[in-house]
Each structure stands twice: as structure tokens, then as C-alpha cells.
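Structure assessment
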Amino acid sequence: MAEVLDENDAELELATLTMDGSLCSDLSSPGEVEPREYHGGDGASCAPLSTLGEIWQWRRESWASLVTGLAPRSALVLPGNRVHCEEGVQPRVHRESVPKTLFCHDLKGGYLEDRFVNGSGAHGEYRFFHWAGIDTFIYFSHHLLTVPPLSWINSGHLHGVPVLGTLITEGREGAKVWEDIFVDLPTTIRFADTLAAICRHYRFDGYLLNVENEISKENVPKLIRFVSELRASLLRMGLKQAQVIWYDSVTCKGKLDWQNELNRKNKCFFDLCDGIFLNYTWTKSHLERSLKTAGARCLDVYVGVDVFGRNCFGGGGFDSDKAVSMIRSVGLSVALFAASWTHERLDKRNFTYLEYLFWQKLWPYLYLHGPIKLPFSTSFCQGYGINIHKNGEVFSSGPWYNLRKQQYQPCTPSVLEQQRIYGAHVKNPGSTATDATVPSDLVAAGSGPPCIKDEDAFSVLTQLGQGQVAHENQDAFYGGSCLKIGGQGCYSMKRMLVCGFRSAGILVVSVATKITSPAVVTLPALNILMLVQDRDGCYRKHVLIGAEQGGDDAYANECAVHLHRPLLNEELAKCRSSAVEQCTQKQLSVEGSNGWEVRHFSVEVFGVVLEIGAEVTSPDEPVYLGWLAVSRQDGY
């Protein structure tokens, strides 16, 4: 059972974190950023290394200077099955004490529009925005050496998620590669050192090793030596957090024989690596044997789940949660493979809704992390858009796609406003289930548009009564999109962020919101809620009222609740003059336009902010949330 910890147990880890002005991204001053950095235009791109010769001749590329470092994330995580609880403080557990989730991205061979350093105009491409629920991201392709594109490294690092590349060899060509590497020991060591140097230069976080070819008996000890040398080289180069994950393929005797479990046939590699990625055709018996073999390292066993459903438990697709549930019941970690299925095989016009549905079903089995370093700022932009916005106005027109411009994403998988949403029918490959049909009594109950005509569709049940947190790309405050919050059940708190912001004084919180239906009689407002654990261990709720008057009736009978009104002009000027950090000064200077309202709050916090949530004051009308920023006024 996972050990329940207090946030104060993370004190030692977080004590070294200080204000970092470099975190003032172009979100604070988007006018200084050229549109080309979003739209592309120069053709600069990232590429894999497809042959051994290319690896030997590798030369450093300048785009590496644009890679951002791995951000720290919360040491304590929140179980995903509690993310929609309405009341009470939910217990957190240490992330090292619970099973992990690895996402191995595989989409049509990789290096599509995501390869461009400065993005492209193909704004309908795949994007990932559920970073809070995963621990490691792997960029996968069938090239010999997959170097993750800049966009994915930066997007993962922003959310504190390590991003790994892939070394893969397959068939006869793959066997020949290893023969050339194993020609002598200096060549083997040189290969390991070169891979480590590539990892360090591009600042990604390690490798998945996928050897899918036979290794001759005499070369097996050399392969084992290579794995050992790679990990040692990564450490020598100062990459202490780098990971090496072994894929369950070739055995300790050099046979290409997928085990679907951890056992004596592949344990020699597991013992040298940070984890093993098991093949997909496992049964519960495989899981139980893996658990026994792994012993104290059971959380380093990542059980493969093929979302395409190829001979995978549960059939994949929207039933992938069945496999994840089984894995978690045994206490092992999960490796999701090709979860871009929602984009590749379903109707791309409704990708966002379908992606929400997929992850909404997985969320109860995941453990959620979030940011801990201040200053913090996000527009919730997913890294694409129809236009680029600045302070609510269109700054540059035209579609764009650039994941390295993605902003921090919320910790919720969304709660869709309709009971069911249609998706283009795709039979899960490998599944024995018959084609689904839509019963006559199941109709779309909300605004989600059908992907195709009803008779060719299937429906997926979503949660009701929880309100809505949804992506909106028709409007934005900064970047290309924002969040829409509201709908049925909107009075229940929506956790937007699981976090660990420490403060010993005044926090400045800024929010940009917009009313979606200005014609309504009673204008809704968005309240921001902050759950704080004080130094004495007590929990308090700070409510930032999103209106100049009213909005506080719901808290009249609650104790340990502190209400805060937006700063008035005189208070704002005083707060701005007292701000120690330039980031805070910039934050307090932001103003809204085009219907966007910016409100600034001053909140005294002596402790740690555990989570930030939102609620809408009207039961029917949603509100756009386009910007959330938190910084320290006095630097403490």
C-alpha cells in the first residue's frame, strides 16, 4: 500500500528552489516574439539518425540551444480517482511509492509536422495535453536512433516529464549493426559514449533500448556490456536523472523471444536498466510472475498496453482502461503504446473530444503531479491554434502548430458536458468483439458534433454531474486556445492544478476570464480556489472572488476560508511598486481587451499551495479561463 505523506516531507527537495526569472516566458511579453516562431517558415527541423554511419558522423545541431531544462514537479501526487471529489482534503502519496505510467508515442513513423523547430501551419496535427498523469514520455520511431524533436522535449520538460529517445534494431539489418558495434571493446564503448553525448547535447533524458533481432551467443556478453557502459557513460556526463529502459524482446541467450513478463530469460537486462517495458500479449499470470521476480523493484516493471489492441488484454482503444486496471490491481507500472490512436484512427475533426474520452477512462488509475516552482504562468494553450492572440486580441492570423509553445496543462482529463459523444467507428485491431451499434435510446445529449452520420457511429459514456472543463480554440487570451469552465454541476470544485507552491509571504495571483454569453441577465464569474497547508499543518481554503461584488454567499458558513477581492487601482499600483521580481511586475501590468477581464489578487500564504481549482458562479453559463499566473511579491 502506498505510504501517505505530508507535503512537508518534501521540504528538503524543495528548499533549493528559488525564483527564476528565466521562467518569464513569452507569455509575459508575447509582443516580443515573432509569429514565425509559431508558424514556421525557415524549414529548420529535427531528424533521426538512421544508420550507424550517421551516428559515427554525428554533428551537433544548433536547435539544441532552444531546449529547456526539465522542470521540477511535485514529490507528492494525487490519485486520479480522487480528482473530482467535491469535499475534503484528499491524501497525497509520494510519487516514488506508487506505480508509474510511461507513454510511448508512436505515430506513423514519427517526425511529421512535429519535427519543425519553429512549427508549421498544419494545426490539425496530434498533440498531447495530459502530462499530469504520466511519469515518462518516449518518442518512438523505427529509425536506428530516434532523437526526440525539440517540440516534444520542451513540452515534456515544461510539465516535469522526462523525455526519452529510442535505439532500435530490427531483422537482419539490425543484427549487422550490432556485429559492427561488437567488432572490439573500444568500438562498443565508443558507441555507448556517442549515444550519451547525443543525449547530453539535446538535453533529453535517456533511451528505450529495443533490440528486435537475434544476437549471436558469443555477442550476448558484449550486448550486456554495452547496456552497462551506456548507463555508466550517461552518469559520467552528468546526466544523473537519465533513464535506460529495456524492451522485452531479445533474451539473455540472444534469442528473439518476447516473454510478456519479467523472468530469468530477460532479467539480466532488467538488472542493468532503470526499468523493463514488457510486451503486450500478457495474462494475469504473467503479471503475477513478474511481480514475484521483480521483488522490491516491482515499480520498475512497465507492462505494455497497445492502444491499437493487437492481441492485447482488453482489446485496446477505449477499452485500454481494462488492461490498465488489471495491471494496477497487481501493483505494476504501465507502458502505454501508441495512444495517438485517437488521432490516427478516429475522426481528427473531433480529436480533442475523443482524446478527453480516452484519458478520462484511464484517469482513475493514474497518479497526478504538478508544478512546484514560482513564478508560474500559463494560458493553457495546447500548442496550436487558428490564430495567435495577445491580451485577448488577434496578434497574428493564420493556423499554426508548435508544441514547444504549449503552455502548462491542467491536471483534469476534462469532464465533458454531454452524456455521450459520437466517434467514428473503428473496430479495435486484435479484438474479438463484434462491430458496435448505436441503440435507438442513446443519442447525443450535448453540443459535441457527430463525427460521421449516426448509423456509422458508436457512442462512449462520459461522466455526468461534474460540470465541464474543456479546451476552446475559438478564442484565447495568449496563444491559440483557452479553457471553458462550467456546465452542469459547476458548483463543485474543479482541480486545475495539483501543485506545491511554497510561500512565506504575499503571493500575487492573476487571472484572465471572459464571459461566453454576454447577453445573459446574471453575469457569471469564475472563482479561483487555492487549497493551502499552513506551516502548522492546518488546511485553509483561499477563494479569489471573480467579481467586484457578490459571489461569496456559498462560503458564509464555512470555516477556515479566506475570501479575496480583486485589487483596486490604488492597491494594484502599491502592489506593483512593492514587487521584488521583474516577473511579478510584468504580471501586474497585464491588461485585458476584447471582452477579456484581468483581475489581480494579493494572497498571504505561509505554507504550501497544494492545489488550485476553479468554479463558476452560474449553474448554466460557462466562463473562459485564458490566463493564470502566480508569483511571489516579496521573493519569499
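Parameters at a glance
- Residues numbered from 1 in each chain as written.
- Predicted model: local features only at pLDDT ≥ 70, side-chain atom pairs only at ≥ 80, totals over all residues.
- Heavy atoms only, no water.
- Helix = DSSP H or I, 4+ residues; strand = E, 2+ residues; numbered from the N terminus.
- Buried < 20%, exposed > 50% of the residue type's maximum accessible area, 1.4 Å probe, protein only.
- Contact = heavy atoms within 4.5 Å.
- Areas by Shrake-Rupley, 256 points an atom, 1.4 Å probe, with all protein chains shown as cover.
- Patch = residues over 30% accessible without salt bridge, like charges linked within 9 Å, V, L, I, M, F, W, Y side chains within 5 Å.
- Salt bridge = Lys/Arg side-chain N within 4 Å of Asp/Glu carboxyl O.
- Lys, Arg positive; Asp, Glu negative; His and termini not counted.
- Charge placed at Lys NZ, Arg CZ, Asp CG, Glu CD.
- Polar contact = N/O pair within 3.5 Å; in protein donor to acceptor, adjacent residues only side chain to side chain.
- Disulfide = S-S within 2.5 Å.
- Phe/Tyr/Trp six-rings, centres within 6.5 Å; stacked < 30°, edge-to-face > 60°.

Section: the overall build of the protein
On a plain count of helices and strands, the protein comes out with 14 helices and 25 strands. Out of the 636 residues in the protein, the part that is buried amounts to 59%. Taking the intrachain contacts of the protein between residues at least 6 apart in sequence as the baseline, contacts between residues at least 24 apart amount to 79%. For the protein, the accessible surface area stands at approximately 24,800 Å², while carbon and sulfur atoms represent 49% of it.

Points about unusual backbone geometry
Along the chain, Leu 374 connects to Pro 375 via a cis peptide bond; the corresponding omega equals 5°. You can see Pro 375 is positioned in the loop between β12 (367–368) and β13 (376–378). One non-glycine residue, Asn 260, adopts positive backbone phi at about 60°. Within the secondary structure, Asn 260 is located in the loop between β8 (243–247) and α8 (267–270). Phi at Asn 391 takes a positive value of approximately 55°, unusual for a residue other than glycine. With respect to the element layout, Asn 391 can be found in the loop between β14 (384–390) and β15 (393–401).

Describing a positive patch on the surface
Positive charge collects at one region of the surface, where Lys 217, Lys 253, Arg 264 and Lys 265 lie side by side. With respect to the helices, strands and loops of the structure, Lys 253 is situated in the loop between β8 and α8. With a relative accessible area of 66%, Lys 253 lands in the exposed category.

Re the side chain of Asp 114
Along the chain, Asp 114 turns up in the loop between β3 (101–105) and β4 (136–139). Buried and without a salt bridge, Asp 114 has Arg 115 as its closest oppositely charged side chain, separated by 6.3 Å. Polar contacts involving the side chain of Asp 114 include one to the main-chain amide nitrogen of Leu 112, which spans 2.9 Å. A polar contact of 2.8 Å, which involves the side chain of Asp 114, links it to the side chain of Tyr 139.

Description of the state of the cysteines
Under the criterion given, the structure shown has one disulfide. The disulfide bridge from Cys 252 ends at Cys 268, spanning 2.1 Å between sulfur atoms. In this structure, the disulfide formed by Cys 252 and Cys 268 twists by about -115° around the S-S bond and is classed as left-handed. Of the two residues, Cys 252 is situated in the loop between β8 and α8 and Cys 268 in helix α8; the sequence distance between them amounts to 16 residues. A residue is classified by how much of its surface remains accessible, and Cys 268, at 22% relative accessible area, is partly exposed. Unpaired in this structure, Cys 273 has its nearest cysteine sulfur neighbour in Cys 268, at a distance of 9.4 Å. What makes Cys 273 buried here is its relative accessible area of 4%.

Here's the deal with the pattern of salt bridges
Under the definition given, this model contains 19 salt bridges. In this structure, the salt-bridge partner of Arg 73 is Asp 135, at a minimum N-O distance of 3.7 Å. Here Asp 135 lies in the loop between β3 and β4 and Arg 73 lies in the loop between α3 (52–56) and β1 (76–79), a separation of 62 residues in the sequence. Of the two residues, Arg 73 and Asp 135, both sit in the buried class. A salt bridge links Lys 322 to Asp 319, with the nearest nitrogen and oxygen atoms 3.9 Å apart. By relative accessible area, Lys 322 is classed as partly exposed at 45%. The exposure class of Asp 319 is partly exposed, given its relative accessible area of 25%. The network of salt bridges with common partners includes Asp 319, Asp 321, Lys 322 and Lys 361.

Considering the packing of aromatic side chains
Scanning the model with the defined rule gives 38 aromatic pairs in all. Taken together, a centroid distance of 5.6 Å and an interplanar angle of 80° make the contact between Phe 358 and Trp 359 edge-to-face. For the pair Phe 358 and Trp 359, a shared accessibility class is recorded, and that class is buried.

Everything listed here is a matter of geometry and, on its own, says nothing about what the molecule does.
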